[in-house]
Amino acid sequence: MKNTLAMLLATSSLLATSAAAQSLDLEKEDLTLGFIKLTDMAPLAVAYELGYFEDEGLFVTLEAQANWKVLLDGVISGELDGAHMLAGQPLAATIGYGTEAHIVTPFSMDLNGNAITVSNEIWEEMRPNVPLMEDGRPQHPISASALAPVVEDYLDRGEPFNMGMVFPVSTHNYEIRYWLAAGGLEPGYYSEQDISGQIGADVLLSVTPPPQMPSTMEAGTIFGYAVGEPWNQQAVFKNIGVPVITDYDMWNNNPEKVFGITAEFAEENPNTTLALTKALIRAAIWLDENDNANRPQAVEILSRSEYVGADFEVIANSMTGFFEFEKGDVRPAPDFNVFFRYNATYPFYSDAIWYLTQMRRWGQITETMSDEWYFETAADVYRPDIYLGAARLLVDEGLADEVDFPWDSDGFKAPTPAADIIDGIPFDGHAPNAYVDSLPIGLKSGQIVIEGEIQG
């Protein structure tokens, strides 16, 4: 592990130094980039609207995609040169889970930004199980243990309890599973024979595209969902649902989306890749600078039909530092969306490793893998060398501050303390197998799911 990281960090330093010494001779100037209609695509919209792509000599077309699979397929086929991606997508593709392709990320797009929402009917059933504050409002964060008796009633009646998430390798899938398991509910397992993810589940999770979440819940097909904004706040505005927890309250400053390109694109277009990363870093800086002073302008951009297309007020709720739970219960949430603070844009290996541990926990990675495998897979997908090369150019051009980048990082964040995670179990990216084994619900070392049963 140490040798692998030392080699990568040496490469990173060389690239960061040499890149500054040369002007960028772009291999490809005309680019088409994909995105899904979520507020965390903001760095792409801002880089386009504020001219940061053009400053780098890039002529970019942004295209909304129907769903995450279509988006990934577009990047793999070359129809898209890159895209706003679920963090699990480059990892899953690279290890061959689902569509196989080597995808890399030089840029993490944001921290936090998701929530879990339940229908009004389910909320009324949960409410008696939720502690209250002195003013009578629910005490947050709300544990899934408040949902457990509701689910048990459904199961006792022989009725399935259905909830939605956006994609099998999405943050949302792993977050809703984490929340359910922390409250004592089984969210189900995957196996080579059954990729539904519903083996042994108390709560049946299925895929629903983000913009369709509120209407699907309103129709009664699902009783709740995990999704990014603005589709949780949309449920509040439509008076059809109540967000019960944000991912910030589930795991303080957790990683979210990434910008993904094929490894082939990065290799054949190194200067174009640097230029793209530069523009995205500038957009992230703009989104967070001066205590989010630019967020209203960002909300106006995102509310346009070509981007997210939701009402200004709906997007503004979370993007400007607040979050509404029940109608009128608006609470401060200054870090609900983080685009640059806390090194949000740096592609940390430890972030990749957390996603891989969750894939293993629920059976998407079918067998126990060595710690070294986790380290090598993370380094194969997450590319801080490219990121630091772009950052160095921005600093040398006076467009970014030296102190804002983790030049000496080994690629791992400090361990997340127990107090910052809803189940009180700390996460250390240096010890992936020990972490997986520490989680009460989920596969442990040596275990495998065969014919619907956990063995080993």
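In this report, we go over the structure that sits alongside the text. (Residues numbered from 1 in each chain as written. Predicted model: local features only at pLDDT ≥ 70, side-chain atom pairs only at ≥ 80, totals over all residues. Heavy atoms only, no water.)

**Re the layout of surface pockets**
Item 1. Considered as a void within the structure, the largest pocket measures approximately 260 Å³ in volume.
Item 2. Around the largest pocket sit 13 residues that line it, and Tyr-97, Gly-98, Thr-99, Phe-167 and Pro-168 are the ones nearest its centre.
Item 3. Listed by contribution, the elements that provide at least two residues to the lining of the largest pocket are helix H4 (68-77) and helix H5 (88-95).
Item 4. Residues of the lining of the largest pocket, tallied by class, amount to eight nonpolar, three polar and two charged. (1 Å grid on protein atoms, 1.4 Å probe; cavity = no way out; pocket = protein on both sides within 12 Å on 5 of 7 lines; lining within 4 Å. Points joined across faces, edges and corners; volume = space filled by probe spheres on them. Helix = DSSP H or I, 4+ residues; strand = E, 2+ residues; numbered from the N terminus. Nonpolar A, V, L, I, M, F, W, Y, C, P; charged D, E, K, R; others polar.)

**Thoughts on the nonpolar core**
Item 1. The biggest cluster of nonpolar side chains holds 146 residues, and the ones touching the most others in it are Leu-44, Phe-53, Met-126, Leu-147, Phe-161 and Ile-281.
Item 2. For this core, the element with the highest residue contribution is helix H13 (residues 270-292), accounting for eleven residues.
Item 3. Sequence-distant contacts of Met-126, defined by excluding residues within four places in its chain, comprise Val-118, Ile-142, Ala-146, Leu-147, Val-150 and Val-244.
Item 4. Core analysis: the second largest hydrophobic core is formed by five residues, Phe-323, Phe-325, Ala-333 and Phe-336 among them. (Core = buried A, V, L, I, M, F, W, Y, C linked by side-chain atoms within 4.5 Å. Buried < 20%, exposed > 50% of the residue type's maximum accessible area, 1.4 Å probe, protein only. Contact = heavy atoms within 4.5 Å.)

**Things to note about the sheet that holds strand E2 (residues 59-64)**
Item 1. The mixed open sheet is built from five strands, whose spatial order is E2-E1-E3-E11-E4. Every other strand in the sheet has two partners, leaving E2 and strand E4 (103-108) as the edge strands with one partner each. Strand after strand, the sheet turns through a mean of 30 degrees between neighbouring axes, direction not considered.
Item 2. Relative to strand E3 (residues 82-85), strand E1 (residues 30-35) is paired through two bridges, and the arrangement is parallel. When the bridges of E3 are listed, Gly-34 appears paired with Ala-83.
Item 3. Along the sheet, helix H2 (residues 42-49) contacts E1, E2, E3, E4 and strand E11 (258-262); its crossing angle with E2, the most-contacted strand, is approximately 140 degrees.
Item 4. Those strands touched by H4 are E1, E3, E4 and E11, and its axis lies near 150 degrees from that of E3. (Pairing = 2+ DSSP bridges. Axes fitted to C-alpha atoms, helices over the stretch in contact; angles between N-to-C directions.)

**Notes on the packing of H13 against helix H14 (residues 295-302)**
Item 1. Two elements in contact, H13 and H14, have axes whose closest approach is 9 Å; the angle formed by their N-to-C orientations is 145 degrees. Contact residues: Trp-286, Leu-287, Asp-288 and Asn-292 in H13; Arg-295, Pro-296, Gln-297 and Ala-298 in H14.
Item 2. Here the contact of H13 with H14 is composed, by residue class, of four nonpolar, two polar and two charged.

**Re the packing of aromatic side chains**
Item 1. Inspection of every chain in the model, using the stated rule, returns 21 aromatic pairs.
Item 2. Pairing Trp-251 with Trp-354 gives two aromatic rings, centres 4.9 Å apart and planes at 50 degrees, and the pair type is tilted. Taken as a pair, Trp-251 in the loop between helix H11 (247-250) and E11 and Trp-354 in helix H16 (residues 349-361) lie far apart in primary sequence, 103 residues in all. As far as burial versus exposure is concerned, Trp-251 and Trp-354 are alike and both buried.
Item 3. Grouping aromatic residues by their ring pairs yields a cluster made of Tyr-174, Tyr-178, Trp-251, Trp-354, Tyr-355, Phe-427 and Tyr-435.
Item 4. The side chain of Lys-327 reaches across the aromatic face of Phe-237, ending 5.1 Å from its centre.
Item 5. Seen from the ring of Trp-407, Arg-392 lies directly overhead, with NZ or CZ sitting 4.2 Å from the centre. (Phe/Tyr/Trp six-rings, centres within 6.5 Å; stacked < 30°, edge-to-face > 60°. Lys NZ or Arg CZ within 6 Å of the ring centre and 35° of its normal.)

**A closer look at empty space enclosed by the protein**
Item 1. Throughout the structure, instances matching the rule amount to two cavities of 30 Å³ or more.
Item 2. Space inside the largest cavity adds up to approximately 80 Å³.
Item 3. At the level of secondary structure, the elements contributing two or more residues to the lining of the largest cavity comprise helix H8 (171-182) and H11.
Item 4. Looking at the second largest cavity, its volume works out to about 30 Å³.
Item 5. Every residue along the wall of the second largest cavity is listed here: Ala-87, Ser-108, Asp-110, Leu-111, Pro-255, Glu-256, Lys-257, Val-258, Ala-344, Asp-351, Tyr-355 and Tyr-382.

**Observations concerning the pairing of strand E6 (residues 114-119)**
Item 1. Of all six residues in E6, six are buried; the element is thus mostly enclosed.
Item 2. Neither face of E6 is left uncovered, since the one carrying Asn-114, Ile-116 and Val-118 and the one carrying Ala-115, Thr-117 and Ser-119 both have all their residues buried.
Item 3. Looking at chain direction, E6 and strand E9 (residues 224-228) are connected through five bridges and run antiparallel. The residue bridging Thr-117 from the neighbouring strand is Tyr-225, located in E9.
Item 4. Pairing of E6 with strand E10 (residues 241-246) involves five bridges; the strand directions are antiparallel.

**Considering the packing of H16 against helix H17 (residues 371-381)**
Item 1. Viewed as axis vectors pointing N to C, H16 and H17 meet at an angle of 125 degrees, and their least axial separation amounts to 9 Å. One way to sum up the angle between H16 and H17 is to call them oblique. Judged by the twist between their axes, the crossing of H16 over H17 is right-handed. On H17, the residues touching Tyr-349, Ala-352, Ile-353, Leu-356, Thr-357 and Arg-360 of H16 are Trp-373, Tyr-374, Phe-375, Thr-377, Ala-378 and Ala-379. (Parallel < 35°, antiparallel > 145°, perpendicular 65-115°, else oblique. Left-handed = near helix turned anticlockwise from the far one by under 90°.)

**Brief notes about unusual backbone geometry**
Item 1. Cis geometry is found at the peptide bond from His-140 to Pro-141, where omega equals 0 degrees.
Item 2. Of note, Pro-141 is situated in the loop between helix H6 (120-126) and helix H7 (148-156).
Item 3. Geometrically, the link from Glu-229 to Pro-230 is a cis peptide bond, its omega value of 15 degrees lying close to zero.
Item 4. Phi at Asn-343 takes a positive value of approximately 55 degrees, unusual for a residue other than glycine.

**What about helix H15 (residues 312-319)?**
Item 1. Of all eight residues that make up H15, six are buried, and the element is covered over most of its length.
Item 2. Check the buried side of H15 and you find it contacts helix H10 (231-237), H13, H14, strand E12 (322-324) and strand E14 (337-338).
Item 3. Positive phi appears at Gly-321, one or two residues downstream of H15, with a value of about 100 degrees.

**Some remarks on the pattern of salt bridges**
Item 1. Here the structure, examined in full by the defined rule, presents 23 salt bridges.
Item 2. When the shortest N-O distance is used, the salt bridge between Asp-385 and Arg-383 registers 2.8 Å.
Item 3. For Asp-385, a relative accessible area of 7% corresponds to the buried category. (Salt bridge = Lys/Arg side-chain N within 4 Å of Asp/Glu carboxyl O.)

**Considerations on the environment of Ile-422**
Item 1. Within the element layout of this structure, Ile-422 appears in the loop between helix H18 (384-396) and helix H19 (432-438).
Item 2. Relative accessible area serves as the criterion here: at 25%, Ile-422 is assigned to the partly exposed category.
Item 3. With 39 residues separating them along the chain, Ile-422 and Arg-383 place their C-alpha atoms 29 Å apart.
Item 4. In contact with Ile-422, other than residues within four places in its own chain, are Pro-141, Ile-142, Ser-143, Tyr-178, Trp-179, Ala-182, Ile-245, Asp-249 and Met-250.

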